[in-house]
Amino acid sequence: MPALMPPKSTVSPPRVKPMHNTLREWIVEILKCHEPLLAIAMRQRAKFEGWLKFELAAVAEKHGAQSVEVETAFAERGKRSDLSFTFNGTRYDVEIKTANSSWRVAGVHNKHRPLPRNIARIVGDAQKLSRYSEHGIVAFVLFPIPPQDERWTKYLDRLASSLGISLSAQEHCCRLSVDLGHNRADLVVCSFEVQRSKSLSPRITAG
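What counts as what
Residues numbered from 1 in each chain as written. Predicted model: local features only at pLDDT ≥ 70, side-chain atom pairs only at ≥ 80, totals over all residues. Heavy atoms only, no water. Helix = DSSP H or I, 4+ residues; strand = E, 2+ residues; numbered from the N terminus. Contact = heavy atoms within 4.5 Å. Areas by Shrake-Rupley, 256 points an atom, 1.4 Å probe, with all protein chains shown as cover. Disulfide = S-S within 2.5 Å. Buried < 20%, exposed > 50% of the residue type's maximum accessible area, 1.4 Å probe, protein only. Core = buried A, V, L, I, M, F, W, Y, C linked by side-chain atoms within 4.5 Å.

J.: Which parts of the structure should I look at to understand the overall build of the protein?
T.: The number of helices and strands found in the protein is 6 helices and 7 strands. In sequence order, the secondary structure elements of the protein are arranged as α-α-α-β-β-β-α-β-α-α-β-β-β. Within the protein, contacts between residues at least 6 apart in sequence are counted, and of these 66% link residues at least 24 apart. When the accessible surface of the protein is split by element, carbon and sulfur atoms take 51% of a total near 11,300 Å².

Here it is in structure tokens:
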């Protein structure tokens, strides 16, 4: 009787982390290293995307990205991405937004900041990347958020609905708590990928 052969073991290849996850980790790294600066921006509800894109460019280079460029022009005249780089042989174009809210938080200036308008601008960024970039990533920081407050997830759902995709607070966002001096406030960092599409609706990679 022939000897029985043990069953062959099957090993699944390791899952490659989506680039939008890596980019989000880079942004979180930056924000954690600059909490005093971040606290000033949050207390005033002041946007900081201009500063963030240069910090992100530097961190991308530190982690091995090549051909890093801020305010990169697309082939189409007059269109630009906030940041571009090549990572593991693929070129990415990134749009960055810092979306400020009007929610009352102790220690934060009371100012009216129309969050729906900020969400509409994020939608516009995704649509632009869909038209002009082969591999686009939208990243945004939403702030300030009162601790233990989950209202921000409604705006994530609204963004997903506008783009016809699924976005998850667990898979696409990271929440941070920031020391404002006498109290704390939160922010969320979210990101997702966009691929080029010839149709009017952007082709979004939410996973």
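J.: Help me understand the state of the cysteines, please; the structure alone is not making it clear to me.
T.: Disulfide: a covalent bond formed between the sulfur atoms of two cysteine residues. The tally for this structure, following the rule as stated, stands at 1 disulfide. Each sulfur in the disulfide pair Cys 173 and Cys 190 lies 2.3 Å from the other. One quick way to see it: the torsion about the S-S bond of Cys 173 and Cys 190 is about 110°, and its sign makes the bridge right-handed. One end of the pair, Cys 173, is in strand E5 (residues 173-179); the other, Cys 190, is in strand E6 (residues 184-195), with 17 residues separating them in the sequence. With no disulfide of its own, Cys 174 has Cys 173 as its nearest cysteine by sulfur position, at a separation of 8.8 Å. According to the relative accessible area criterion, Cys 174 is partly exposed, its value standing at 26%.

J.: Mind showing me how you'd approach the nonpolar core here?
T.: Most often, soluble globular proteins keep nonpolar side chains buried together rather than apart. Counting residues in hydrophobic clusters, the biggest one holds 36 residues, and the most contacted among them are Trp 26, Leu 31, Phe 85 and Leu 187. The element contributing the most residues to this core is helix H1 (residues 19-33), with 7 residues. Setting aside residues up to four positions removed in sequence, Leu 31 forms contacts with Leu 38, Phe 48, Trp 51, Leu 52, Val 141, Leu 176, Leu 187 and Val 189. Grouped together as the second largest cluster of nonpolar side chains are 26 residues, Trp 152, Leu 156, Phe 192 and Val 194 included.

J.: Help me understand the environment of Gly 64, please; the structure alone is not making it clear to me.
T.: Mapped onto the elements of the fold, Gly 64 is located in the loop between helix H3 (49-62) and strand E1 (66-73). Residues Gly 64 and Phe 87, spaced 23 residues apart in sequence, show a C-alpha to C-alpha distance of 7.1 Å.

J.: Help me understand the environment of Glu 69, please; the structure alone is not making it clear to me.
T.: Here Glu 69 lies in strand E1. Through-space distance from the C-alpha of Glu 69 to that of Ala 57 is 7.1 Å; in sequence the pair is 12 residues apart. Sequence-distant contacts of Glu 69, that is, excluding residues within four places in its chain, are made with Asp 82, Leu 83 and Ser 84.

J.: Looking at this model, I keep getting lost on unusual backbone geometry. Mind explaining?
T.: Trans peptide bonds make up the majority, and among non-glycine residues the majority have a negative phi. Omega for the bond connecting Phe 143 with Pro 144 falls within 30 degrees of zero, at -20°, which places this linkage in the cis form. Here Pro 144 is to be found in strand E4 (residues 135-145). Positive phi values are uncommon outside glycine, yet Glu 71 reaches one of about 55°. Residue Asn 88 is not a glycine yet carries a positive backbone phi of 55°. Along the polypeptide, Asn 88 turns up in the loop between strand E2 (80-87) and strand E3 (90-100).

The analysis is restricted to geometry; functional conclusions fall outside its scope.
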